[in-house]
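# Descriptive structure summary
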Amino acid sequence: MLKQISFENWKSYRSAVLPIDPLTVLIGTNASGKSNALDALEFLTRTVRGKEIQAALSGDAMLPSIRGGIEWAAFKPENYFRLSVLVQGEDGKIDYLYSIMVRTVQRLQLWSESLISLHHHNEQEKAEKIYLFQTEELLADKPGIFVQFYRKQGEIYKDFRRSNSILSQLNNFLLLPQETVEGARIVSQVLQNIFILNPIPFLMRDYSPLSDSLESDASNIAGVLAALPDKHKAEVESTLSTYVKHLPERDIQRVWAEPVGRFKTDAMLYCEELWKPGETTEIDARGMSDGTLRFLAILTALLTRPEGSQLVIEEVDNGLHPSRAGLLLKMLREIGAKRKIDILVTTHNPALLDALGPEMVPFLVVAHRDTETGESKLTLLEDIENLPKLMASGPLGKLATKGAIERSLSGTK
């Protein structure tokens, strides 16, 4: 699982760390840096899946650009950025620290990259660091880049392309140290399983082809549900119906998807609403509200993504009535825990913040701007010095509405 991501000269961040928990809530005013933090996860996911670094950031024919492109990738006036992630190993005794540094002068290119295993022997001692691989800085001006691999019998070197991350190229090389292969496999799997969901309701209203996995815009939600094996499909649709039942003013009795057309290769999403006692009406996705479709998209992602995934949702409550904030939070907590899916969300909604409760305070992170340098900062809510006084003055939603949290961090009244 992903434990944290660190930013160095990334967009509006000079230096910051974002801890990742089973449910992490990132809050902050507009332009505070929330979206920039999520963009880093998108960039890492693209590079580890094999996209060239240039395309991962600026896009290509099949991939949209990450906001700001190359020009705004590095904190001004720097000409590089570094992203690092801490990943928990499968047995919990080893963590892996992966870092990638990219230069942004003229053309994006890999400048350095490393993977370190951190062995935890006991709680009293610091973790033992063992380098699994790192690039050779002395050869950094060459078209290719040499990578040094560490093993008990000595060290070996191999030449890699500078246009792609080392992590995405390791499968093409044989006879690497087993420790490196295992560490790279775990980190690659975690980063590839990051799923950034941005449901676009109007795209969800049309027919969609049968699909194995959900698109990031959820446009193929009907195709994903309809393509599930019968038993799994029944379980997923039952859970969808259970959670979405009380979302609209009129109760939704059932949600399902089914193949349509002569060849049954496309699908449509349907629901059954109770309009008045004893009278139900069937409608398809074209008649569903934006809020209902977004809610169903989040549910479907939680229920169909592989266990161990990281689900990222910006403005998670967009389109939902404030009175449904508690329902949304209940869904995220229960299904996330049951399916071992970690969730990172951003929100501006006071109702959702109020619904979190005091037990969620350790998992709230505040994005804010330094008043002197303008750089983005990340601060755990529980680390705010005068938090008890703030909490005594009202619920989190009220504090956010008045901007009290940000003023406390800036030292203003």
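An account of the accompanying structure is given in this report.

Cut-offs applied
- Residues numbered from 1 in each chain as written.
- Predicted model: local features only at pLDDT ≥ 70, side-chain atom pairs only at ≥ 80, totals over all residues.
- Heavy atoms only, no water.
- Pairing = 2+ DSSP bridges.
- Helix = DSSP H or I, 4+ residues; strand = E, 2+ residues; numbered from the N terminus.
- Phe/Tyr/Trp six-rings, centres within 6.5 Å; stacked < 30°, edge-to-face > 60°.
- Buried < 20%, exposed > 50% of the residue type's maximum accessible area, 1.4 Å probe, protein only.
- Salt bridge = Lys/Arg side-chain N within 4 Å of Asp/Glu carboxyl O.
- Contact = heavy atoms within 4.5 Å.
- 1 Å grid on protein atoms, 1.4 Å probe; cavity = no way out; pocket = protein on both sides within 12 Å on 5 of 7 lines; lining within 4 Å.
- Points joined across faces, edges and corners; volume = space filled by probe spheres on them.
- Nonpolar A, V, L, I, M, F, W, Y, C, P; charged D, E, K, R; others polar.

This brings us to the pairing of strand E2 (residues 13-19). As judged from the six bridges shared by strand E1 (residues 2-10) and E2, these two strands associate in the antiparallel manner. Counterpart to Ile5 in the pairing with E2 is Leu18. Between the end of E1 and the start of E2, which pair antiparallel, lie two residues, with Lys11 showing a positive phi angle near 55 degrees.

On to the packing of aromatic side chains. Summed over the entire model, instances satisfying the criterion amount to eight aromatic pairs. Taking 5.5 Å as the distance between ring centres and 80 degrees as the angle between the ring planes, the aromatic pair formed by Phe43 and Phe81 counts as edge-to-face. Of this pair, Phe43 sits in helix H1 (residues 34-48) while Phe81 sits in strand E4 (residues 80-88), placing them 38 residues apart in sequence. When sorted by exposure, Phe43 lands in the same class as Phe81, which is buried.

Here the focus is the pattern of salt bridges. The full count for this structure, using the stated rule, is 15 salt bridges. Arg185 is the salt-bridge partner of Glu182, the closest N and O atoms lying 2.8 Å from each other. Here Glu182 pairs with Arg185, and both are found in helix H3 (residues 178-192), just three residues apart, close to one helical turn. Since its relative accessible area comes to 36%, Arg185 is described here as partly exposed.

One can find Cys271 in strand E13 (residues 266-276). Under the relative-accessibility criterion, Cys271 is labelled buried at 0%. Along the sequence, Cys271 and Gly287 sit 16 residues apart, while their C-alpha atoms lie 9.5 Å from each other. Contacts of Cys271, omitting those with residues within four sequence positions, involve Ile252, Arg254, Val255, Trp256, Thr281, Glu282, Ile283 and Met288.

Empty space among the atoms becomes visible once a probe the size of a water molecule is rolled across them. Space inside the largest pocket adds up to approximately 950 Å³. The wall of the largest pocket is formed by 30 residues, among which Glu42, Arg46, Ile196, Asn198 and Ser216 lie closest to the centre. If you list the elements that add at least two residues to the lining of the largest pocket, you get H1 and strand E10 (194-197). Considering only residue class, the lining of the largest pocket consists of eleven nonpolar, seven polar and twelve charged. Taken as a whole, the second largest pocket holds about 240 Å³ of empty space. Lining the second largest pocket we find 15 residues, and of these Leu167, Leu170, Asn171, Ala184 and Ser188 sit closest to its centre. When residues of the lining of the second largest pocket are assigned to their parent elements, the largest contribution, six residues, is made by H3. The residue inventory of the lining of the second largest pocket, partitioned by class, reads seven nonpolar, six polar and two charged.

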